Amino acid sequence: MSAASAKVYLRETAGILTAFFSAQPFSIKAVLGKLPPEQRGNFREMVSGAFRQLLLLESILKASCDRPLRELEPFVKALLVLSVYRIYFLQDPDYTVVDEANGLCAHDGQKSFVNGVLRNVTRYRKPLEHFIYHGKDTDRHLSERFSVPRWIVEELRVSRGDYASILEGLNQPQKTFVRNGRYLRRAATVQDDLRQGAAVISPGGFLSVLHLGVGSGHDVLDMGCAPGAKFFLLQELDPRSLTGCDISVKRLGTMYAEAERLGLPRPHLICGDGMSPPFADESFDRLYLDVPCTASGTFTKHPEGKFLRTPQGLEELLVTQRALLARTFHLLRPGGVLCYATCSVFDRENDGVVAWFCAQESRARVLRPSVGLEDVDASCRHLLADSLEITPHGFFLNPAAHGLDGFYFSFIERQQP
Ligand SMILES: C[S@@+](CC[C@H](N)C(=O)[O-])C[C@H]1O[C@@H](n2cnc3c(N)ncnc32)[C@H](O)[C@@H]1O
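Residues numbered from 1 in each chain as written. Predicted model: local features only at pLDDT ≥ 70, side-chain atom pairs only at ≥ 80, totals over all residues. Heavy atoms only, no water.

1. Thoughts on the UniProt feature "active site" (unreviewed entry) in the protein
Link 1 in the chain: Per the UniProt annotation, the sites labelled "active site" (unreviewed entry) are Cys 343.
Link 2 in the chain: Contact partners of Cys 343, with chain neighbours within four places excluded, come to Cys 293, Ala 295, Ser 296, Gly 297, Thr 298, Gly 406 and Phe 407. (UniProt positions renumbered as here; feature names shortened; annotations may be inferred. Contact = heavy atoms within 4.5 Å.)

2. Here's the deal with the pairing of strand E9 (residues 364–367)
Walk down a regular strand and you will see the side chains alternate between the two sheet faces.
Link 1 in the chain: Every second residue of E9 is oriented toward a common face, the buried set being Ala 364 and Val 366 and the non-buried set Arg 365 and Leu 367.
Link 2 in the chain: Bridge count between E9 and strand E12 (residues 407–414): four bridges; the pairing is antiparallel. By the bridge assignment, Ala 364 is partnered in E12 with Arg 414. (Buried < 20%, exposed > 50% of the residue type's maximum accessible area, 1.4 Å probe, protein only. Helix = DSSP H or I, 4+ residues; strand = E, 2+ residues; numbered from the N terminus. Pairing = 2+ DSSP bridges.)

3. Here we look at the site of the ligand
Link 1 in the chain: Close to the ligand lie 19 residues, the nearest being Lys 230, Asp 246, Arg 251, Gly 274 and Asp 290.
Link 2 in the chain: In this structure, Ala 229 approaches the ligand through a main-chain N or O atom, which is 2.9 Å from an oxygen atom.
Link 3 in the chain: A distance of 2.8 Å is found between a nitrogen atom of the ligand and a side-chain nitrogen or oxygen belonging to Asp 273.
Link 4 in the chain: Expressed as a share of its isolated accessible area of 590 Å², the protein-covered part of the ligand is 86%.
Link 5 in the chain: When the residues that make up the shell around the ligand are grouped by side-chain class, the tally is nine nonpolar, five polar and five charged. (Near = heavy atom within 4 Å. Polar contact = N/O pair within 3.5 Å; in protein donor to acceptor, adjacent residues only side chain to side chain. Areas by Shrake-Rupley, 256 points an atom, 1.4 Å probe, with all protein chains shown as cover. Nonpolar A, V, L, I, M, F, W, Y, C, P; charged D, E, K, R; others polar.)

4. Examining the UniProt feature "domain: SAM-dependent MTase RsmB/NOP-type" (unreviewed entry) in the protein
Link 1 in the chain: Per the UniProt record, "domain: SAM-dependent MTase RsmB/NOP-type" (unreviewed entry) is found at residues 118–415.
Link 2 in the chain: As a span, residues 118–415 carries 36% helix and 20% strand, and end to end its C-alpha atoms are 65 Å apart.

5. Concerning the nonpolar core
When a protein is soluble and globular, its nonpolar side chains tend to lie buried together.
Link 1 in the chain: Leu 17, Phe 43, Phe 51, Leu 80, Val 84 and Val 114 are the most contacted members of the largest nonpolar core, which totals 46 residues.
Link 2 in the chain: Of all the elements in the fold, those that place two or more residues in this core are helix H1 (3–21), helix H2 (28–34), helix H3 (37–52), helix H4 (54–64), helix H5 (74–89), helix H6 (94–104) and helix H7 (108–123).
Link 3 in the chain: A total of ten residues in this core trace back to one element, the largest contributor, which is H5.
Link 4 in the chain: Judged by nonpolar contacts, the second largest core, of 41 residues, contains Leu 184, Leu 234, Ala 259 and Phe 409. (Core = buried A, V, L, I, M, F, W, Y, C linked by side-chain atoms within 4.5 Å.)

6. A few points about the domain arrangement of the protein
Size of an interface, as often reported, equals the accessible area lost when the parts are brought together.
Link 1 in the chain: Taken domain by domain, the protein consists of domain 1 (3–129), domain 2 (142–170) and domain 3 (177–414).
Link 2 in the chain: Relative to domain 2, the C-alpha centre of domain 1 lies at a distance of 26 Å.
Link 3 in the chain: With six residues of domain 1 at the interface, the matching set in domain 2 holds seven residues.
Link 4 in the chain: Summing both sides of the interface, domain 1 and domain 2 together bury roughly 430 Å²; the carbon and sulfur share of this comes to 39%.
Link 5 in the chain: Here domain 1 and domain 2 share one salt bridge between them. (Domains from an automatic or database assignment. Buried area = accessible area lost by both parts, 1.4 Å probe. Salt bridge = Lys/Arg side-chain N within 4 Å of Asp/Glu carboxyl O.)

7. With respect to empty space enclosed by the protein
Link 1 in the chain: Counted by the stated rule, this structure contains two cavities of 30 Å³ or more.
Link 2 in the chain: Its volume calculated, the largest cavity comes out at about 40 Å³.
Link 3 in the chain: Lining the largest cavity are Leu 10, Leu 79, Leu 82, Ser 83, Arg 86, Glu 100, Ala 101 and Leu 104.
Link 4 in the chain: Those elements that provide at least two residues to the lining of the largest cavity are H5 and H6.
Link 5 in the chain: The biggest single contributor to the lining of the largest cavity is H5, with four residues.
Link 6 in the chain: For the lining of the largest cavity, a count of residues per class yields five nonpolar, one polar and two charged.
Link 7 in the chain: Of the voids in this model, the second largest cavity is the one considered here, and its volume is about 30 Å³.
Link 8 in the chain: The wall of the second largest cavity is formed by Phe 146, Val 148, Leu 167, Leu 170, Asn 171, Phe 299 and Lys 306.
Link 9 in the chain: For the lining of the second largest cavity, the residue count by class is five nonpolar, one polar and one charged. (1 Å grid on protein atoms, 1.4 Å probe; cavity = no way out; pocket = protein on both sides within 12 Å on 5 of 7 lines; lining within 4 Å. Points joined across faces, edges and corners; volume = space filled by probe spheres on them.)

In structure tokens form, the structure reads like this:
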């Protein structure tokens, strides 16, 4: 790759980090869309890697910088974080990193400051372990080791004995899965897989849809359906009717082209709010409810999410999740089944919501179908087998075992009166 083209993805990565440090909105997806295809992999690696290790990178920088990091211009901080990531995690040659950081500086003042800090980083280089706290405060140690805000460590610790392993699993690069029809396998090269008609889906999403018990005589609703990973698998199961509903017209809009790409009939989609659903009660036999959540199970894929979520945001989501479950349950016919799903690893968003709901709705009963893996390619079946846990109210794809996306699902039947 030429030096000039190398700079494009570096500049874009620095741009994303600058926006983040300035508390401005940013879109990694939008940048991916405008980069030439051959630069996307480098950009993705760089931006995900920097967010994955952010707290550790900041610790390294603090040791080499004579000013508090919060006083640095966001762009300069971004450039330094990125450079330290390249030096420590990509083992890029020091001189290339310094040279390319220089090339992105706006003026000589920036250049000499960046040079000075990076000179300290490389001259007094110490192993990564040196920058991690190793004292008695385990939460602090884990927060620094896995570069995750402390509140996330605490949220996991209160409900999961294996919280350290989950944090480790979530800090790995993503493993992508795709399906062809109703068959799941590891992606080879995602772009090639997509060209050949595969669809990306998380292992947990795949298993939850297949075990909802959709039959040819069923009317099915997918609430919170966009952009459609589970919807299109539901469509493959060929129910009597399938309706997708989502509050976001923009997200719904992408689903028609995706159906066409997959060779499926034009989907029946309705823009509506699950809090006041545009359907009569008792209209459906099966309901897939993919609620908005912290998406903490997808920090492997979107490590920036670790820093965008907040404890306050989690509390608000819990209120929404309970309300959506309570409201949509009435859309089921007696004997119907709802799948409550999240891509969260926080127990309060998962079993916590289902337990709360079952305690106040006498007609709700948790079902425990046996979740088989026969539709999963033999070469990766063990990954799912090791990761799938039965919880008090549902099933949990645990990232601890192999770094798969965390996912939770529970099947709740509306009992006959
Ligand atoms: C986890 S995402 C769904 C992912 C989707 N099921 C899939 O498999 O591709 C949650 C979705 O819920 C939608 N949503 C959030 N609040 C909603 C509400 N009150 N009513 C309906 N949809 C809502 C969001 O727009 C978002 O598309």
